[in-house]
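Inside the fold
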Amino acid sequence: MSAARSNTHAQAVDAAIELFTRKGYEQTTVEDIADAAQISRATFFRRFRSKEDVVFADHELLLDAVVVLLGETRPAARGVTPEELENVDPYVEVCKAARLVFDHHVGQRETSVARHRLLQDVPALRDRELVTTHRYERAFTSYLRDTLPADTRNSTASVAFAASVVAVHNAILRRWLRDPDQDLRPELEEAFADLRRAARNPAGPTTEPPQSSTSPGRTGGEAGDGPTAGPAADTTVGTVPTRRVVVTVLDGDVDPDEVARAVRDALSA
């Protein structure tokens, strides 16, 4: 990933983020960015379509890197034998891809923190961030549908795991962005391991007590608050039952009756 971030690319991205932070997003022009990055206006537009694009330019490279990484263990991957594919755990591979994104942000600390602050101040950029997040989910879902065993690759399970991985990643990344001196990589790994266990045994009871909203990787109010996949789990500790949580993932154009039926089926599982 770092190699793909060429000097020209890095100069333009870093210059743009610095200018947006110092002068303001609306007040900064493409000419300002090109001058600060020491590139021509024509070179800027060959690489980026707009100043909004330059804010998310790293994500374009990251998405390409994620697709390449996942492609190495797809069934149609060249040079991979059937025996090697049998040893591939698709859930682990998706988590590796998400870890790649996390590590990139940590590795570009100053730019990542400045971009995060910028997104809080510019609503239009937050909308673009949501679109980018959905593209990661789609890449993960597509991979899982291609690689999971036939009896577990159904659409709902794949979408649920992909969405959960992205939500957990984003929640922990936001915590790091607010305090980049902390090392949250171990918590990220633990959270991913929890998701994999839930995906492999979606209807089974948990063997651990439920965690509070302030436990690692599950901060209150975050997009990744306690993500789970699959039917509701009956989390009973001793004889005191806890609340049951249902996560249902459906396409955006589904009608209300199908939503209600999906929730009802999950509750009765």
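Refer to the preceding data block for the structure.
Here we summarise the structure given alongside this text. (Residues numbered from 1 in each chain as written. Predicted model: local features only at pLDDT ≥ 70, side-chain atom pairs only at ≥ 80, totals over all residues. Heavy atoms only, no water.)

So, about the overall build of the protein. Per the secondary structure count, the protein includes twelve helices and two strands. Beginning at the N terminus, the succession of helices and strands in the protein can be written as α-α-α-α-α-α-α-α-α-α-α-β-β-α. Expressed as a percentage of its 269 residues, the buried residues of the protein come to 42%. In the protein, of all internal contacts separated by at least 6 residues, the share reaching a separation of at least 24 is 67%. Roughly 14600 Å² of accessible area belongs to the protein as shown, and the carbon and sulfur atoms make up 51% of that amount. (Helix = DSSP H or I, 4+ residues; strand = E, 2+ residues; numbered from the N terminus. Buried < 20%, exposed > 50% of the residue type's maximum accessible area, 1.4 Å probe, protein only. Contact = heavy atoms within 4.5 Å. Areas by Shrake-Rupley, 256 points an atom, 1.4 Å probe, with all protein chains shown as cover.)

Once that is clear, we can look at the environment of Phe 45. Within the secondary structure layout, Phe 45 lies in helix H3 (residues 41–47). Among the residues examined, Phe 45 registers a relative accessible area of 34% and is labelled partly exposed.

Looking now at the packing of aromatic side chains. Counting across every chain of the model gives four aromatic pairs. Relative to Phe 45, the ring of Phe 44 lies with its centre 5.4 Å away and its plane at 90°, an arrangement referred to as edge-to-face. Here the aromatic cluster, defined as three or more aromatic residues joined through ring pairs, consists of Phe 44, Phe 45 and Phe 48. The ring of Tyr 25 has Lys 51 lying over it, and the distance from NZ or CZ to the ring centre is 4.7 Å. (Phe/Tyr/Trp six-rings, centres within 6.5 Å; stacked < 30°, edge-to-face > 60°. Lys NZ or Arg CZ within 6 Å of the ring centre and 35° of its normal.)

For helix H1 (residues 7–23), built from 17 residues, the straight-helix expectation of 24 Å at 1.5 Å per residue is met to within 8% by its first-to-last C-alpha distance of 23 Å. Taken residue by residue, H1 has His 9, Ala 10, Ala 12, Val 13, Ala 15, Ala 16, Ile 17, Leu 19 and Phe 20 as its buried positions. Looking at the residues trailing H1, positive phi occurs at Gly 24, about 105°. (Expected span 1.5 Å × (residues − 1).)

Let's shift gears to unusual backbone geometry. Located in the positive-phi region is Gln 38, a residue other than glycine, with phi close to 60°. Positionally, Gln 38 belongs in the loop between helix H2 (30–37) and H3.

As a packed pair, helix H9 (residues 123–147) and helix H10 (residues 155–178) sit with axes 8 Å apart at the nearest point and diverge in direction by 140°. It follows from the interaxial angle that H9 and H10 lie oblique. Pair H9 / H10 crosses with right-handed handedness. Between H9 and H10, the residues in contact are Thr 133, Tyr 136, Glu 137, Phe 140, Thr 141, Leu 144 and Arg 145 and Ser 155, Ser 158, Val 159, Phe 161, Ala 162, Ala 163, Val 165, Val 166 and Asn 170, respectively. The residue inventory of the contact of H9 with H10, partitioned by class, reads nine nonpolar, five polar and two charged. (Axes fitted to C-alpha atoms, helices over the stretch in contact; angles between N-to-C directions. Parallel < 35°, antiparallel > 145°, perpendicular 65-115°, else oblique. Left-handed = near helix turned anticlockwise from the far one by under 90°. Nonpolar A, V, L, I, M, F, W, Y, C, P; charged D, E, K, R; others polar.)

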